[in-house]
Structures are given as C-alpha cells and as structure tokens.
Amino acid sequence: MQAQNAIATLIVRGLVDSTTPHIAAHLERINLPEGLVDLYPLLAKRKADPDVYQPRTFRPEGPPTRPPSSLPAPGSLALNLELGEYIGSGRSGIVFAVDTTGTHGGLPPLVLKIARQERCQSVAREAWFYEELECLQGVVLPRCYGCFRLDLQDGQTVPAWSAHELDDSDAGDDLVDVPAEYHGYSANALDILDQHPHPLLTELGTARDCLVVLLLERLAPAPTEWIPERSFWLTENAEPALLAAHRELAHLGVETILDIGLDNVMFAPPSPPGLPTMPSPFTGLTHRLRIIDLDLARKCDLKFSFLSRALEGWVRRAF
Ligand SMILES: Nc1ncnc2c1ncn2[C@@H]1O[C@H](COP(=O)(O)OP(=O)(O)OP(=O)(O)O)[C@@H](O)[C@H]1O
C-alpha cells in the first residue's frame, strides 16, 4: 500500500481546460508548515481580555502536541488520475471520484476535493488538520493523500468551478476566505491585537489564479442517503456514535463546532476495496463514522474535560 505522503505530483486529466487540448494538469504537493494554524481563541485576544478567558478552562501545559508521524519519508510518486463522476459540493469544495486504474496500484478508491476559486485557503487549512490528526485517519477521518496546487496560466480554466457554482443562498456571510480562528475580527482589530494569519494562508485567501485540491480516501455515502443504514440514525445509537467520533478529535484539542452536523458525517468505506478501519489510539474504539469537512475546525488548548462536555451540547443540537 502507498503511504499517505507517497505522492509528490498529481497529473489529472479533465481537471483544467486550456488552449492546448488534452493536456493533463500537473499539480505539486504543498508542504504545509506545522505552525500554519493559530490557537483558538487567539492568544492575543486572551491577553487583551483576561477576564473573559478564564485560565482554569485551558490546559496549563499548552495545546496537545502533534503526535510523531508514523509515515515513511515523503515519496516522489507522480500519480496519473482521470476526473470521474461528480459526487457533491459545499461552500469550500467540489468533490469528484477519480479513476486510478492504470496507476501504480496500492491505493484505495479516492476522491478529489477541488477548492472553489475563492476557497484555496480553506482547503489548504483543512489539509493541515489531516496532518495534525494523522493518527485519526482511517479511525474517524478519511485518509488524506495530500494537498496539491497549480498556479493557473493565462487561458487555463477549471470547468468544475463554473459547472458547480455555489448557490447564493449557500454562500452565507463568509465569502472572505479567512482562517476559522480569525472569524469575526476586522483587519483593524487584528492590527491592534498585532496578530495575523500565517502568510501562506493570507496569500491563499486572496489567490484567484490558483487551483488547490485534496486527495482523500473515498467514503461510503452519507447515512441519510444510504438506505440500508438509515435505520441507524433512528436508533438511540446515533447520538453517542457522533459524540464518540468528535471526542476522538478533542484528544488532540481539535473542535469542529462551526460545522458539526449530519451533513458532515459519512461512513467507513467498504473494505475491500477500501482499507480497513483502525482502532483509535486514544480510546481503542472502532468507529463506523467518518467526520469530513475540516475547513472550519479549530485547534484549541481547552481542557479535554471542557471540550468533551461542550461536545455533548453541540452534538445534541445536530439532531
Ligand atoms: N472523502 C469523501 N468520500 C466521498 N464523498 C465525499 C468525501 N468528502 C466529501 N464527499 C462528498 O462531497 C460533499 C462535499 O464535501 P465537503 O462537505 O467536504 O465540502 P465543503 O465545501 O467543505 O462543505 P461545507 O459547505 O459543509 O463546508 C459531501 O457532502 C459528500 O457528499
């Protein structure tokens, strides 16, 4: 099996149109710095407002550190793919199946999440969470095979952007692509606090001639569309299962309160052809659920007990 960091280049047919027909797009893997995402709530905000941010809520030793990667040294594979059927989309991305037949093998069924033109920051930031939570890939998250980028040249267009435009009613009030831990702050407030997002996120937040994609393990359809499993959601097991899945993320100080919901849960892929589910390194539990869509996740140094209790309320509201 190929490791999640084996691929350095994606060569994708059907992703980019250009004046030269039948040329496949070459996308290069983005190396995401470990310090890409800032702690939530912002440290500068806490210093400015010590009465609001009670120290007893936070872990005195700081946020959970990223566990050491269990992957080998990054590989240099160039993977040829063909864009397949459209699966679904949201505010940040448009998801397609990809055809890996005729490639080197050793990969499970995959999907490509194509960042919308104005959402490159969100999708690259989502990729950072997959790296931060590597030990939960195949446990409660899909396996992630990397985040890749192409700077578009004159005349190159991305048909998926125009074919699957976001309905205005879905756009909400968050059209500016700002990292989730910075939501709600004006540029002026951030200047006063003297805290700003990582330069790579700032650059991607305004980039419009850039294509960013995530290569993910293909999961089973959402339960509401998956008839044999629909009864699962009508049983009392559903809420504890969703809570238990989100609690796994809380062990590493990650919360997804801005996006907890049944829209953002899928099921483990059938194995084979998918890869097997792994038990949690924190609880030993084996989960059927997979949490998707980490673009609004946040990294916290809140105590596990605090996050875990808060999750009970957040998850209850999802039903
Ligand atoms: N790994 C996957 N395997 C199969 N289908 C997927 C996968 N990831 C996403 N999808 C499908 O694509 C749809 C859109 O994906 P996703 O929710 O990640 O997009 P988004 O733009 O981040 O959404 P949101 O509007 O909630 O932020 C999902 O609802 C799901 O149907």
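Residues numbered from 1 in each chain as written. Predicted model: local features only at pLDDT ≥ 70, side-chain atom pairs only at ≥ 80, totals over all residues.

Per an unreviewed UniProt entry, the protein chain is named Protein kinase domain-containing protein, and its organism is Exidia glandulosa HHB12029.

What about the overall build of the protein chain?
Regarding its fold elements, the protein chain presents nine helices and twelve strands. Relative to the globule expectation of 20 Å for 319 residues, the C-alpha radius of gyration of the protein chain, 20 Å, shows essentially globular dimensions. For the C-alpha atoms alone, the extent of the protein chain along its principal axes is close to 60 × 50 × 45 Å. Looking at the protein chain as a whole, 37% of its 319 residues are labelled buried. (Helix = DSSP H or I, 4+ residues; strand = E, 2+ residues; numbered from the N terminus. Rg over C-alpha atoms; globule rule 2.2 N^0.38 Å. Buried ≥ 20, exposed ≤ 12 C-beta atoms within 10 Å, placed from the backbone.)

Looking at the sheet that holds strand β12 (residues 298-300)
Ordered by their spatial adjacency, three strands build an open sheet running β3-β12-β9, and the pairing between neighbours is mixed. In the strand order of this sheet, the two ends are held by β3 (39-40) and β9 (254-255), each with one partner. The sheet contact formed by β9 and β12 spans two bridges and is antiparallel. Its bridge partner lying in β12, E255 is registered against R298. (Pairing = 2+ DSSP bridges.)

Quick look at the nonpolar core
Core analysis: the biggest nonpolar cluster contains 75 residues, and A127, L133, V212, V213 and L215 have the highest contact counts within it. Here this core takes seven residues from helix α2 (residues 120-132), the largest share from any one element. Setting aside residues up to four positions removed in sequence, L215 forms contacts with L10, L110, L112, Y145, G146 and F148. (Core = buried A, V, L, I, M, F, W, Y, C linked by C-beta atoms within 7 Å. Contact = placed C-beta atoms within 7 Å.)

Digging into the environment of P142
Its place among the elements puts P142 in the loop between α2 and β7 (144-151). For P142, a count of 25 C-beta atoms within 10 Å puts it in the buried group. Taking the C-alpha atoms as reference points, P142 and L32, 110 residues apart in sequence, are found 18 Å from one another. Setting aside its immediate chain neighbours within four residues, P142 contacts Q137, L216, E217, L219, R290 and I292.

So, the sheet that holds β7
In a beta sheet, neighbouring strands pair by backbone hydrogen bonds and run either parallel or antiparallel. Judged by pairing direction, the barrel is mixed, and its seven strands sit side by side in the order β1-β2-β7-β8-β6-β5-β4 before closing back on the first. The average angle at which neighbouring strand axes cross in this sheet is 40°, direction not considered. Relative to β7, strand β2 (residues 25-29) runs antiparallel, the two being bridged by two bridges. Residue pairing in the sheet places E28 in a bridge with R149 of β7. Where α2 meets the sheet, its contacts fall on β5 (93-99), β6 (110-115), β7 and β8 (210-217), and the angle it forms with β8 comes to roughly 35°. (Axes fitted to C-alpha atoms, helices over the stretch in contact; angles between N-to-C directions.)

Considerations on the UniProt feature "binding site: ATP" (unreviewed entry) in the protein chain
Under the UniProt annotation, the feature "binding site: ATP" (unreviewed entry) is placed at K113. Among the secondary structure elements, K113 is positioned in strand β6. Look at K113 and you get buried, because 27 C-beta atoms sit within 10 Å. Beyond its immediate sequence surroundings of up to four residues, K113 is in contact with G93, V95, V123, V213, L214 and L216. (UniProt positions renumbered as here; feature names shortened; annotations may be inferred.)

Looking at helix α6 (residues 199-206)
Turning to α6, its buried residues number three or more, namely L201, L204 and G205. Viewed along the axis of α6, the buried residues span an arc of 105°, placing them on a single side of the element. α6 presents P199 and T206 as exposed residues on the side facing more than 90 degrees away from its buried surface. Where the residues of α6 are buried, they touch α2 and β8. (Arc of directions from axis to C-beta.)

Details of the pairing of β2
The pairing of strand β1 (residues 7-13) with β2 spans four bridges and is antiparallel. When the sheet's bridge partners are listed, T9 is paired in β2 with E28.

Section: the site of the ligand
Neighbouring residues of the ligand: 22 residues in total, closest G88, G90, R91, S92 and V95. Secondary-structure elements contributing two or more residues to the shell around the ligand are β4 (77-89), β5, β6 and β8. Tallied by class, residues from the shell around the ligand come to eight nonpolar, six polar and eight charged. (Near = placed C-beta within 6 Å. Nonpolar A, V, L, I, M, F, W, Y, C, P; charged D, E, K, R; others polar.)

A few points about the environment of T277
Along the chain, T277 falls in the loop between β10 (265-267) and β11 (289-291). Taking the number of C-beta atoms within 10 Å as the measure of exposure, T277 has 16 and is therefore partly exposed. Separated by 139 residues in sequence, T277 and G138 have C-alpha atoms that sit 5.4 Å apart. If sequence neighbours within four positions are ignored, T277 has contacts with G138, A268, T286 and H287.

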